[in-house]
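The residues making up each chain are set out below.
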Amino acid sequence: MDLLYDRNSPTKTEKPYGKLAVQQRMRLAMAFLNPLRSVISESWLGHGKGSKKKAFGQALKKLMQDALEGDYPDQHVIPERVGISTGILPGLLAEDVVLSEQTLEVYFSSRETPLARANDEVVLVVYSPQRGIAARNTHVCKRNEGYIKVNLPPQLWAVPFHVYLFVHSASKKQYSKSAYVGQLGPWQEG
Amino acid sequence: MGIIKKGINGPFKGKAGSVVGSSWKKIDYIKGLQRKKGTKRTPSPQQAVQQQRFKLLTQFLQPISKFLNIGLKPFLAKATGVNAAFSLNYDHAFLVDGEHISLNYEAMQFSHGSLYTAGAEKAWLANGHVTVTWHTETYGMGGEMDDTAHVLIYNPENDRFYGREQDITRQDGIAAIDLIGDKCTTGLHTWIFFVDKLQKRASPTVYIPLSSES
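Residues numbered from 1 in each chain as written. Chains lettered and ligands numbered in written order. Predicted model: local features only at pLDDT ≥ 70, side-chain atom pairs only at ≥ 80, totals over all residues.

**With respect to the overall build of chain B**
For clarity, the threshold we go by: Strands are runs of DSSP state E lasting at least two residues, helices are runs of H or I lasting at least four, and both sets are numbered from the N terminus onward. Counting other C-beta atoms within 10 Å of each residue's C-beta, where C-beta atoms are placed from the backbone, gives the exposure class: buried for 20 or more, exposed for 12 or fewer, partly exposed between. Distance between backbone-placed C-beta atoms decides contact: two residues are in contact if it is within 7 Å.
Counting its regular elements, chain B contains three helices and 14 strands. Seen through its principal axes, chain B has C-alpha atoms that stretch 65 × 40 × 30 Å. Within chain B, buried positions represent 22% of all 214 residues. A fraction of 60% describes how many contacts in chain B between residues 6 or more apart in sequence connect residues 24 or more apart.

Right, dumping it as structure tokens:
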């Protein structure tokens, strides 16, 4: 059959590659950061001109610039490049981690600089993007303590999760860049 | 479906020839006149399957519209709770076994949002009550102690839904649903989701398999 045109066959318009790629980047970035919104809206507030929404937008932009790899349709987020906080305070260095079924302990050190104050507060965040569940330390931990512990929510007892560590000043006005401690899970430590 | 944004002659209401104009929730619609009875074409096999799916899911969701209006509140500006739940569930709501289509109860979602689920959810049936328990800690993110817990139980044998009208909070960690008087208590399906105090944010829905004992 030498068919030239069939009015009844539906016409399919494919979206341009660039549009699909950008949409996927946006979707991936949003899916990764959204469960951490409560932390990010504070830790990026300095970049949001006082607006929590703008702060989250800046974090999203940074993730899309730095932490996305691959070509459409195989783009993915690189968790170690994601910054869940940013600022000029000196960060921390994770020395050792101890993982048990329901808790995670991290031993850390800090460089001595005039900006690093002993009463800076440390925040430890554990996060599973697959489950969309995160947790942070609920007690106050100071920079000079060198040790922090976080209780893991039940959803993270049996799945791998990412660990981030950062500090903020006692007034919560200044933050450090977050340090990626690693991906931990029930089968591995450190 | 096309979108009429102040259309070529603007949105209109009422009948104009074979066309009917109306608006609902600030969305303008143009519809064709209803077909006369008996003039409906018989659906093709593919259409019949789609119609069966639509019927199954809509019939399941309609009795719990009150529940859906709570869990899907952010979507209610331009849809009803049932509409929103329908589009949320349609892609994963069915189990297809040859020509037989049934609902995939485990995949059902009655809420959507960024609030965290509780974790370690358990449910069991004893003495005519279904008891549901969950983890009460919030770990500093994604939830508050005063979030309201909504528990829903469905019995497919008699097509009945059960739930509690009174507020149960995340902090309570337990809810007992009375099923006394219901003779068929096998094959029950249980779900739970949380909504914050201001009813602005909701958690995803968690399906809890019913265990025989605590």
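**Observations concerning the overall build of chain A**
Our working rule: We compute the radius of gyration over the C-alpha atoms and compare it with the globule rule, which gives 2.2 Å times the number of residues raised to the power 0.38.
Scanning chain A from terminus to terminus reveals three helices and nine strands. Mapped in sequence order, the helices and strands of chain A form the string α-α-α-β-β-β-β-β-β-β-β-β. A compact globule built from 190 residues should have a C-alpha radius of gyration of about 16 Å, whereas chain A, at 21 Å, is more than 25% larger. Considering only C-alpha atoms, chain A reaches an extent of 80 × 40 × 25 Å along its principal axes. Within chain A, the proportion of its 190 residues that are buried is 32%. Here the contacts in chain A between residues at least 6 apart in sequence split such that 62% fall between residues at least 24 apart.

**Thoughts on the sheet that holds strand S7 (residues 147-151) of chain A**
Residues and elements named next belong to chain A. The condition that has to hold: In this description, strands pair whenever DSSP reports at least two bridges between them. Fitted lines through C-alpha atoms give the axes, limited to the stretch in contact for helices. The angle between two N-to-C directions lies from 0 to 180 degrees.
Spatial ordering of the open sheet is given by S3-S4-S7, a layout of three strands whose pairing is antiparallel. The open sheet is flanked by strand S3 (93-99) and S7, the only strands paired with a single partner. Strand-to-strand, the axes of this sheet are offset by a mean angle of 20°, without reference to chain direction. With five bridges connecting them, strand S4 (residues 103-109) and S7 associate as antiparallel partners. Each bridged residue has a counterpart across the sheet, and for valine 106 the counterpart in S7 is isoleucine 148.

**Side note on the interface of chain B and chain A**
How large an interface is tends to be reported as the accessible area lost when its parts come together. For clarity, the threshold we go by: The classification used treats Ala, Val, Leu, Ile, Met, Phe, Trp, Tyr, Cys and Pro as nonpolar, Asp, Glu, Lys and Arg as charged, and all other residues, Gly among them, as polar.
The interface of chain B with chain A comprises 11 residues on the first partner and 15 residues on the second. Classifying every residue of the side of chain B that touches chain A by side-chain character gives four nonpolar, six polar and one charged.

**Points about the nonpolar core**
Threshold: Each nonpolar core comprises buried Ala, Val, Leu, Ile, Met, Phe, Trp, Tyr and Cys residues, the members being joined through C-beta atoms within 7 Å.
Ranked by size, the top nonpolar core spans 78 residues in total, and within it Ile40(A), Val125(A), Val126(A) and Leu165(A) carry the most contacts. Beyond its immediate stretch of four places on either side in the chain, Val125(A) contacts Val39(A), Ile84(A), Ala134(A), Arg136(A) and Tyr164(A).

**Concerning the packing of helix H1 (residues 17-33) of chain A against helix H3 (residues 52-66) of chain A**
Residues and elements named next belong to chain A. Using the following cut-off: Roughly parallel means an angle under 35 degrees; roughly antiparallel means over 145; roughly perpendicular covers 65 to 115; every other angle is labelled oblique. Left-handed describes a crossing whose near helix is turned anticlockwise from the far helix through less than a right angle; right-handed describes the clockwise counterpart.
Where H1 meets H3, the axes come as close as 10 Å, and the angle between the chain directions of the two elements is 120°. The orientation of H1 with respect to H3, classified from their angle, is oblique. Considering how the two elements wind past one another, H1 and H3 form a crossing that is right-handed. Contacts from Arg25, Ala29, Met30, Phe32 and Leu33 of H1 reach H3 at Ala59, Leu60, Leu63 and Met64. Of the residues that constitute the contact of H1 with H3, the class distribution is eight nonpolar, no polar and one charged.

**Details of the sheet that holds strand S11 (residues 174-178) of chain B**
Strand pairing in a sheet is mediated by backbone hydrogen bonds. Such pairs are either parallel or antiparallel. All names here are of chain B. Pairing is mixed in the open sheet, where four strands are placed in the order S11-S7-S6-S14. Where the open sheet ends on each side, the last strands, each with one partner, are S11 and strand S14 (210-211). Alignment of strand S6 (residues 122-126) against strand S7 (residues 129-133), held across five bridges, turns out to be antiparallel. Counterpart to leucine 125 in the pairing with S7 is valine 130.

**Some points on the packing of helix H1 (residues 45-61) of chain B against helix H3 (residues 81-89) of chain B**
A pair of packed helices is captured by two measures, namely the crossing angle of their axes and the spacing between those axes. Residue and element names in this part refer to chain B. Where H1 contacts H3, the axes come no closer than 10 Å and their chain directions differ by 130°. Classed by the angle they form, the pair H1 and H3 counts as oblique. The interaxial crossing formed by H1 with H3 has right-handed handedness. Between H1 and H3, the residues in contact are Leu57, Thr58 and Leu61 and Val82, Ala85, Phe86 and Asn89, respectively. Its residues assigned to classes, the contact of H1 with H3 comprises five nonpolar, two polar and no charged.

**Regarding the confidence of the model for chain B**
Where we set the bar: The predictor's confidence in any single residue is recorded as pLDDT, a number from 0 to 100.
Here chain B averages 89 in pLDDT, and 95% of its residues register 70 or above. Among the scores for the predicted complex, ipTM is 0.81 and pTM is 0.85.

**So, H1(B)**
All names here are of chain B. Defined as follows: Under the convention used throughout, the expected extent of a helix is 1.5 Å for every residue step, that is, one less than its residue count. Directions are taken from the helix axis to each C-beta atom, and the arc is the one they span.
In a regular helix each residue adds 1.5 Å, so 17 residues correspond to 24 Å; H1 covers 25 Å between its end C-alpha atoms and thus fits that length. Along H1, the positions that sit buried rather than exposed are Leu57, Phe60 and Leu61. For H1, the arc enclosing every buried residue in end-on projection is 100°, short of the 170-degree limit, so these residues lie on one face. Exposed positions of H1 whose direction lies more than 90 degrees from the buried face are Pro45, Gln47, Ala48, Gln51, Lys55 and Gln59. Next to the buried residues of H1 lie helix H2 (65-71), H3 and strand S5 (100-103).

**As for H3(B)**
Residue and element names in this part refer to chain B. Taken as a whole, H3 has its buried residues at Gly81, Ala84, Ala85, Leu88 and Asn89. The buried residues of H3 occupy an angular sector of 120° when projected down its axis, which confines them to one face. Among the structural elements, H1 and H2 are those in contact with the buried residues of H3.

**Brief notes about the pairing of S3(A)**
Residue and element names in this part refer to chain A. By the bridge criterion, six bridges tie S3 to S4 in an arrangement that is antiparallel. Within S4, the residue paired with leucine 93 across the bridge is serine 109. The antiparallel pairing of S3 with S4 creates a hairpin that spans three residues between the two strands.

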